[in-house]
Structure formats: structure tokens, C-alpha cells
Amino acid sequence: AMSSKYGSPLKSQKIRAEIDGVSVHDLTQKYGSPVFVFSQKKIEELYNKAYNAFSSRYENIQFGWSYKTNYLDAICKVFHKLGSKAEVVSEFEYQKARNLGIEGKDIIFNGPYKPKEDLKIAVKEGAKIHIDNFFELDDLEDIARELGVKIPVAIRINMDTGIYPAWSRFGFNFENNEAYEAVKRIYDKKLLYLEGLHTHIGTFMLDPNAYKIATKKIMQLKEIVENDFSFEIKYIDLGGGFASKSNLKGIYQSSSVVVPTAD
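Scope of this entry: the structure provided in the associated data block. Predicted model only: the values in this text are computed from it and were never measured.

Relative to the assigned elements, Asp118 resides in helix H5 (residues 116–124). For the buried Asp118, no salt bridge exists, and the shortest N-O distance to an oppositely charged side chain is 10 Å, to Lys114. The residues contacting Asp118, other than those within four sequence positions of it, are Glu91 and Phe109.

Now the structure itself:
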């Protein structure tokens, strides 16, 4: 360590000479500086850890890579190679997935804004469409009439999981029966059929208990939906918000202490 003129030691810089055995000097020589480097090895390690945490407890599990997190082609390809489907929130991301060779059936189409033309493409290609609001419900009913098909859909639910502020901007609310009304409408109109339930309760979630509450409520709704409307719910999507080992929200303790593991 160096000393400043006031006598207190200055922190010595930690300089990395290599990343995954590749010389940083060689990288900057070739690509210039600054250069952003992603470690495929690290991505694979983290993915497998998370996947094993779930698959060792649930036999039928499917991961989806959220394109909005990082939609660089090379990154998306790594996740798909590992067995992940594509989770997209825009036509831009949807077409990106298609260009990477992902079929419609392996795309989950989420997000609060899906223009009608984009929805129509997704319907024709058999994507999993997660309805976010009543406007989208209108559009999908129009598309069902126009194409003369009955469209399989999922709906996004928001709920109180004890986390504040609650994410109530997206999806249909569980507590005030908005979700039930949406399901009833799907059932009454007979143009769509419900096969999935989705919730995304927040971002950088540090309390695993919130997922426990969300899962209980989703399973309650599943039971109600199957009993009252005879829909068969084929999947539940509990995606999003899992905290990474980073100091994203200005946490005061080390992330290894504060951030819960996938297990």
C-alpha cells in the first residue's frame, strides 16, 4: 500500500491481469479500451446453480431468459444453449429471439404494452402470451374472431406479498377480484382459453418469503379457476426479480450476506 502525504495508507488497486485465463492486455490490444467483457464460464456456473436448486425440488421446471436483462445475441445464445426459453417484452425482443432461431412456441411474451399487430404475429406463431390488462384482452378477442381460432393465454397477476411498495402497475390484482373478473370474462366470451398464471412481484428481491406468499396465492387462484371455470392450468410462471450477488440497491452489508441463494 502507498501512503498519502497525511500518513494514512491509500488502498492499493487490484488489477486483474486475466479473465478466465484470457490476458486483459491481449483483449485491449485487440479491441481497444474501454472494453466490456462477459464471462461465459461464470454465466454457465450461475445458471446451473440456479437450475439445480429448482430442478432438485420440482421435476418439471423450465427457465426463461429475460431478454430485457441483456439482449446481446451472444449472451442470449449462451442461455438458450443451456436450455432456457426466451422471455420478451417487446416486438424488438420477440424478433431478436426469432432471429436467433427460437421458435414461437419457445417464446414467452410478457410486458404491459403489446401492440395488436405484434400480438397477431405471436398468436400465429404459437407464443405463450401473458395478458397484462383489459386492453390486451380486447385485442386478443378481436384477433381470435379475425383468425377464427381459440387462443391459449396466461394472465399476469399482481398481489400483496408483504413487500412495499407493492408492484401493482402490471397485471390483474388478486385481492380486489380483478384477476377473477378477467378469468370470468375469458370464460364467458369463449374466444380464448386460460392455461397459465404468471406473477412478477418486484426486482432485486431480498426476501424469499415474498415468493412463498406469491406462490400460495397463485395456487389458490389456480384452484378457484379450475373449480369455477373448468380451465386446466398447465403452468405457473413465478419469474423475475431474483436478486443477484451485487450491491444494486445500495445495500449496507456484503451481498454474500444479504442476498439469498437460489436454494
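With that out of the way, let us pick up unusual backbone geometry. With omega at 5°, the peptide bond leading from Ser33 into Pro34 counts as cis. For Pro34, the location among the structural elements is in the loop between helix H1 (24–31) and helix H2 (40–55). Unlike most non-glycine residues, Asp20 shows phi in positive territory, near 50°. Residue position: Asp20 is located in the loop between strand S3 (18–19) and strand S4 (22–23).

This part takes up the environment of Lys96. Relative to the assigned elements, Lys96 resides in helix H4 (residues 91–99). By relative accessible area, Lys96 is classed as buried at 16%.

Among the eight residues in strand S11 (residues 192–199), seven count as buried, and that is most of the element. Pairing geometry for strand S9 (residues 151–158) and S11, over seven bridges, is parallel. Each residue of the ladder has a partner; that of Val153, found in S11, is Leu194. In this view, the connection linking S11 to its parallel neighbour strand S12 (residues 235–237) by way of helix H8 (residues 208–229) has right-handed handedness.

Looking now at the pattern of salt bridges. All chains considered together, the criterion is met by 17 salt bridges. One salt-bridge network, held together by shared partners, links Asp138, Glu141, Arg185 and Lys189.

This part takes up the packing of H2 against helix H3 (residues 73–81). At a minimum axis separation of 11 Å, H2 and H3 run at an interaxial angle of 40°. Relative to H3, H2 is oriented oblique. Crossing geometry of H2 relative to H3 is assigned as right-handed. For the pair H2 and H3, contact is made by Gln40, Ile43, Glu44 and Tyr47 and by Ile75, Val78, Phe79 and Lys81, respectively. Grouping the constituent residues of the contact of H2 with H3 by class yields five nonpolar, one polar and two charged.

The subject of this paragraph is the nonpolar core. Counting 52 residues, the largest nonpolar core has Leu140, Ile155, Leu192 and Leu194 as its most contacted members. When residues of this core are assigned to their parent elements, the largest contribution, seven residues, is made by H8. Contact partners of Leu194, with chain neighbours within four places excluded, come to Val153, Ala154, Ile155, Val183, Ile186, Val225, Phe231, Glu232 and Ile233.

Cut-off values and rules
Residues numbered from 1 in each chain as written. Predicted model: local features only at pLDDT ≥ 70, side-chain atom pairs only at ≥ 80, totals over all residues. Heavy atoms only, no water. Helix = DSSP H or I, 4+ residues; strand = E, 2+ residues; numbered from the N terminus. Buried < 20%, exposed > 50% of the residue type's maximum accessible area, 1.4 Å probe, protein only. Lys, Arg positive; Asp, Glu negative; His and termini not counted. Salt bridge = Lys/Arg side-chain N within 4 Å of Asp/Glu carboxyl O. Contact = heavy atoms within 4.5 Å. Pairing = 2+ DSSP bridges. Right-handed = clockwise from strand over helix to strand, strands pointing away. Axes fitted to C-alpha atoms, helices over the stretch in contact; angles between N-to-C directions. Parallel < 35°, antiparallel > 145°, perpendicular 65-115°, else oblique. Left-handed = near helix turned anticlockwise from the far one by under 90°. Nonpolar A, V, L, I, M, F, W, Y, C, P; charged D, E, K, R; others polar. Core = buried A, V, L, I, M, F, W, Y, C linked by side-chain atoms within 4.5 Å.

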